[in-house]
Amino acid sequence: MKTDVFIGGGGIGGLTLALKLVQRGIDVVLAERMAVKAPTYKGELLQPKSMQIFDSLGVYKKICDRSNEIKVLDMLELSSSLQVKDQAFMDYSVLPGKYSAAYMMHHEELKSVILKAACEYENFHYLKGTACKGYGENTALLQKGTEKFEVEAEFFFGAEGRSSVTRKAMEIEVKQTTYNHHFLTVTFPRAENFTDGQIISTYNRFLGLFPLPDSQVRSVYLIPPGDYKELKEKPISHFHKLYTDLAPAVDGYVQQLTDWKKIQLMIPVMYHADSYVKGNKAIIGDASHAVHPMAGEGMNMAIQDADILGELTADMFKEEKKDESNLKWYETVRYKRADHVIQLSHLAALAYSFPFKPVSYIRQRTFERMEEDPILHFKQMLNVSGLGMWKENVRDRFIQGGIMPVRIKDLTKDTKELKYYTPEEDYPWKAEGLR
């Protein structure tokens, strides 16, 4: 079997990369190990940059039609008696332009939309239930059941997740950082008018609620490591009370969840590979970086990786400049951006990690200031959205800490848009040239 590009892994990142390539006329073989849908929780929150990418791929409307639009994330800080002590908002409407909302979509539904779009192209070859076992010289070694075979390609891209075969073949190691907490995650019914996201916290508890379409809500609840086994031995009503104590809006809905077996344990980790590229191989998504899950960053970073690597590879074929050294452009564009998101998410994780009242106060104060200062608010939403990157400076930190007063004047629409990534920043090789 011969192809232009082999992709290992048919998750959201791998499928997005494949769709981008086949739309540009590149022949692609994609091997997906799973023959059935993934049993574990996968990301569902699509940020604005991902929606911009999907718009360019022609699937924006299909995704919008099957999603729940989220304009606001409501941040509630509760007292020890579980009364609302403070409320702040992360408002996507501060982002000018078409992409000013996040979208919640069932993960398997999103995969289905992208896969269906890719299957419309004859140059896309999808190998379901096929695992990549390793690499030979310019071949991927595949296995489907007892059948073993090889695929010859010019480039090999790994999108297989944390235990990436491609990353191992590239001899790239990652060092994981673990956290002092785990999450319970489950989907259950919601009220029809509960359509915006909520993050509810006390000094020692955390609950995230992210509404999905079809009157459902995805939830994440923070627990100490090792508590999962003990919790499962308690009646399901104990789980219901954990939720209704913090979020009365789910009372009458979370009780429709009647089996602990539907509640998954999610263990957050963080790592960042030293490199994304070696020879004619490259890695994207969780194969190259893992991030603490605060706002769907992992899936969105994989989509953004796929966009840059796909555009670059397609241009290399179009211009007949297939020198493998050109793949470094992908790393040049994505590495700093990914690292910035990883660090922001890490800081957010630390803000909810320690069950002490002073930490709760600092967190509350920081979110208050962020909402009151329009520039801080825009910076936060810009960085979360993926549409651009604007790092906080010393003045921002002083404002967050209450040392300096908040700024009242907002930025103009044009000034905000200047902070968005331009096509020249996304695809710099188009101006500077390929080898």
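Please refer to the structure higher up on the page.
Our subject in this report is the structure included herewith. Just so it is clear, the structure is predicted and the values come from calculations on it, not from any experiment.

Our focus in this paragraph is the pattern of salt bridges. If you walk through the whole model with that rule in mind, you get 26 salt bridges. In this structure, K430 engages E311 in a salt bridge whose closest nitrogen and oxygen atoms are separated by 2.9 Å. Here E311 lies in helix α8 (residues 297-318) and K430 lies in helix α15 (residues 429-432), a separation of 119 residues in the sequence. Residue K430 is classed as partly exposed on the basis of its relative accessible area of 43%. In the salt-bridge network here, residues are joined through shared partners; they are K20, R24, D307, E311, D315 and K430.

Time to look at the packing of aromatic side chains. Here the structure, examined in full by the defined rule, presents 17 aromatic pairs. Plain terms: the ring middles of Y60 and Y99 are 6.0 Å apart, the flat faces sit at 85° to each other, and that makes the pair edge-to-face. On the criterion of sequence distance, the pair formed by Y60 in helix α3 (residues 60-65) and Y99 in the loop between β6 (84-91) and β7 (102-104) is long-range, its members being 39 residues apart. By relative accessible area, which is 17% here, Y99 ends up buried. When the centroid spacing of 6.4 Å and the interplanar angle of 20° are considered together, the rings of F155 and F157 count as stacked. An aromatic cluster of three or more residues is present, and its members are F188, Y221, F239, Y243 and W260. The cationic tip of R337 hangs over the ring face of Y421; the distance from NZ or CZ to the ring centre is 3.5 Å. Positioned above the aromatic ring of Y203 is the side chain of K357, whose terminal nitrogen or guanidinium carbon lies 5.3 Å from the ring centre.

Time to look at the environment of M389. Topologically, M389 is positioned in the loop between α11 (374-385) and α12 (394-400). Residue class for M389 comes out partly exposed when judged on its relative accessible area of 29%. As for M389 and F149, which are separated by 240 residues in sequence, their C-alpha atoms are 44 Å apart. Not counting residues within four places of it along the chain, the set of residues in contact with M389 comprises K336, R337, H340, L382, N383, K419 and Y421.

Regarding helix α7 (residues 236-246), the residues found buried are I236, F239, H240, L242, Y243, T244 and L246. Taken together, the buried residues of α7 touch β5 (72-78), β14 (182-189), β15 (197-201), β16 (206-212), β17 (216-223) and α6 (227-232).

About the criteria used
Residues numbered from 1 in each chain as written. Predicted model: local features only at pLDDT ≥ 70, side-chain atom pairs only at ≥ 80, totals over all residues. Heavy atoms only, no water. Salt bridge = Lys/Arg side-chain N within 4 Å of Asp/Glu carboxyl O. Helix = DSSP H or I, 4+ residues; strand = E, 2+ residues; numbered from the N terminus. Buried < 20%, exposed > 50% of the residue type's maximum accessible area, 1.4 Å probe, protein only. Phe/Tyr/Trp six-rings, centres within 6.5 Å; stacked < 30°, edge-to-face > 60°. Lys NZ or Arg CZ within 6 Å of the ring centre and 35° of its normal. Contact = heavy atoms within 4.5 Å.

Take it as geometry only, folks, not as evidence of what the structure does.
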